[in-house]
Amino acid sequence: MLNQPNVSMVLTMDGDIRLFHSLLRSLVRQTASLADVQVVAVRSSEGAPFPAGLLRWSAILPCREFLLLDTPAEGSSGLANAGAARAEGRHLLFLMPGHRLLPNYLETCLTALENGADAAYSDRMLSDGRVLRRHNLPDFNPRVLQTGNPLGRAVLLKRALFEACGGLGPRTRFGFWELWIRAAQNGFTLARTRQPLLVASTPGQTPDVSGRHEALVVVRNHAFFPDLVLRWALALLRGESWALPMGPGRTPNERQVRLLLENAALRRETQPVRPAAESLPWDRFLPEQSASA
């Protein structure tokens, strides 16, 4: 594609849309040239309309292009896929209201890609109201994805990675987690920058804690997870009492599954043994006042 943007920022309007001002304001402080950046803001046609302030930002920011995209798709993965299909950049960055880029984010992550990585992410600052705290992410190792998705969605990646992994699964709550799993399985490299260059708001809603969605991630990507963890996922989906959820966005490791199984066995051993029916007195079914002496 001639004159292709270097970066397409896909802004999915699936969070608290009141927070988009701080995100777009943070783009002004990027040292990388915004003339090579395309912004694609995506919303569901069934959801809330775009805030009027987005139109003002499209005139303020010196970006190559600022698109407002309506789509019938819903959910985080559906909106991100629709935005990526319309984006034209060589690299993709998925953001949502509540994210904020600190100075040098784009320049630092683009340098990591130029040095051979297929995707790059940085440490974070977590924002809870007016309180900021540093959150260091782990160096990338596929094993870190076997218990959760510490990377989130704000990872600058090459379009080739996104397309080779088939984009985001449309029928999952954890599309980005599964994307990084597929990237690891296909041999792509993700590089960590040990600087907090991204601010993310802590989630305000209580997510589903049933563990069903986490178990489905394991089942759909069973070759990536240890056999014991797959056993846990199948048991949880079947409703077996020993297979307890680990918490939102978390799956157990092998040691935790063994502990769950051991605890279940211990509970069975310590349960009182009920007497056989034939050993019970014959008058147990009579009203109390007429029971035999």
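Our subject is the structure listed above.
Just so we're clear, the structure is a prediction, and the values are computed from it rather than from any experiment. (Residues numbered from 1 in each chain as written. Predicted model: local features only at pLDDT ≥ 70, side-chain atom pairs only at ≥ 80, totals over all residues. Heavy atoms only, no water.)

Draft legend 1. Just the overall build of the chain, in detail. Secondary structure summary: the chain contains nine helices and nine strands in total. Looking at the 293 residues of the chain, the share that counts as buried comes to 47%. Once local pairs closer than 6 in sequence are excluded, the contacts in the chain between residues at least 24 apart make up 75%. Accessible area of the chain: about 15,600 Å², with a carbon and sulfur share of 52%. (Helix = DSSP H or I, 4+ residues; strand = E, 2+ residues; numbered from the N terminus. Buried < 20%, exposed > 50% of the residue type's maximum accessible area, 1.4 Å probe, protein only. Contact = heavy atoms within 4.5 Å. Areas by Shrake-Rupley, 256 points an atom, 1.4 Å probe, with all protein chains shown as cover.)

Draft legend 2. Region of the structure containing the nonpolar core. Formed by 50 residues in total, the largest nonpolar core has its most connected members in Phe94, Leu157, Leu161, Phe162, Trp180, Trp232 and Trp242. Excluding residues within four positions of it along the chain, Trp180 makes contact with Leu145, Asn149, Leu151, Gly152, Arg153, Val155, Leu157 and Leu190. Counting residues in each nonpolar core, the second largest holds 34 residues, with Leu23, Val37, Phe66 and Leu95 among its members. (Core = buried A, V, L, I, M, F, W, Y, C linked by side-chain atoms within 4.5 Å.)

Draft legend 3. Representation of the environment of Asn6 within the structure. With respect to the secondary-structure elements, Asn6 resides in the segment before β1 (7-12). Considering only alpha carbons, one finds Asn6 and Arg64, 58 residues apart in sequence, at a separation of 9.8 Å. Setting aside residues up to four positions removed in sequence, Asn6 forms contacts with Asp36, Gly89, Arg90, His91 and Leu110.

Draft legend 4. View of the environment of Phe225. Relative to the elements of secondary structure, Phe225 occurs in the loop between α7 (212-220) and α8 (227-238). In the structure, Phe225 is positioned 29 residues away from Glu254 in sequence and 9.5 Å away in space, judged by C-alpha atoms. Once you skip the residues sitting within four places of it in the chain, Phe225 turns out to touch Leu145, Gln146, Ile181, Val217, Val218 and Thr251.

Draft legend 5. Geometry of helix α3 (residues 75-86). With 12 residues, α3 should cover 16 Å at 1.5 Å per step; its first-to-last C-alpha distance of 17 Å lies within 8% of that length. Along α3, the residues that are buried comprise Ser77, Gly78, Leu79, Ala80, Gly83 and Ala84. (Expected span 1.5 Å × (residues − 1).)

Draft legend 6. The arrangement of the packing of aromatic side chains in detail. Summed over all chains, the structure comprises five aromatic pairs. Considering the side-chain rings of Phe94 and Phe162, the 5.5 Å spacing of their centres and the 35° angle between planes classify their relative orientation as tilted. Placement of Phe94 in strand β4 (residues 91-95) and of Phe162 in helix α5 (residues 159-164) is noted, with a sequence separation of 68 residues between them. A relative accessible area of 0% means that Phe94 is categorised as buried. (Phe/Tyr/Trp six-rings, centres within 6.5 Å; stacked < 30°, edge-to-face > 60°.)

Draft legend 7. Geometry of the packing of α8 against helix α9 (residues 254-270). At a minimum axis distance of 8 Å, the contact between α8 and α9 shows a crossing angle of 50°. Considering their axes alone, α8 and α9 lie oblique with respect to each other. Relative to α9, α8 is oriented so that their crossing is left-handed. Note on element contacts: α9 touches α8 through Glu254, Val257, Arg258, Leu260 and Leu261, opposite Leu228, Val229, Arg231 and Trp232. For the contact of α8 with α9, the residue count by class is six nonpolar, no polar and three charged. (Axes fitted to C-alpha atoms, helices over the stretch in contact; angles between N-to-C directions. Parallel < 35°, antiparallel > 145°, perpendicular 65-115°, else oblique. Left-handed = near helix turned anticlockwise from the far one by under 90°. Nonpolar A, V, L, I, M, F, W, Y, C, P; charged D, E, K, R; others polar.)

Draft legend 8. Main features of the environment of Ala35. Assignment of secondary structure puts Ala35 in the loop between α1 (20-27) and β2 (37-44). The exposure class assigned to Ala35 is partly exposed, which follows from its relative accessible area of 40%. Spatially, the C-alpha atom of Ala35 lies 8.4 Å from that of Glu65, the residues being 30 residues apart in sequence. Contacts of Ala35, omitting those with residues within four sequence positions, involve Pro62 and Arg64.

Draft legend 9. Spatial organisation of the pattern of salt bridges. Tallying each qualifying case throughout the model produces 10 salt bridges. A salt bridge links Arg192 to Asp123; its shortest N-O distance comes to 3.0 Å. Pair noted here: Arg192 is in strand β9 (residues 190-201) and Asp123 is in strand β6 (residues 119-128), with a separation of 69 residues, a long-range link. Judged by relative accessible area, which is 22%, Arg192 ranks as partly exposed. (Salt bridge = Lys/Arg side-chain N within 4 Å of Asp/Glu carboxyl O.)

Draft legend 10. Quick look at unusual backbone geometry. Its identity as a non-glycine residue notwithstanding, Asn104 has a phi of 80°, on the positive side. Given the relative accessible area of 31%, Asn104 is considered partly exposed.

Such coordinate-based values are descriptive only and should not be taken to indicate function.
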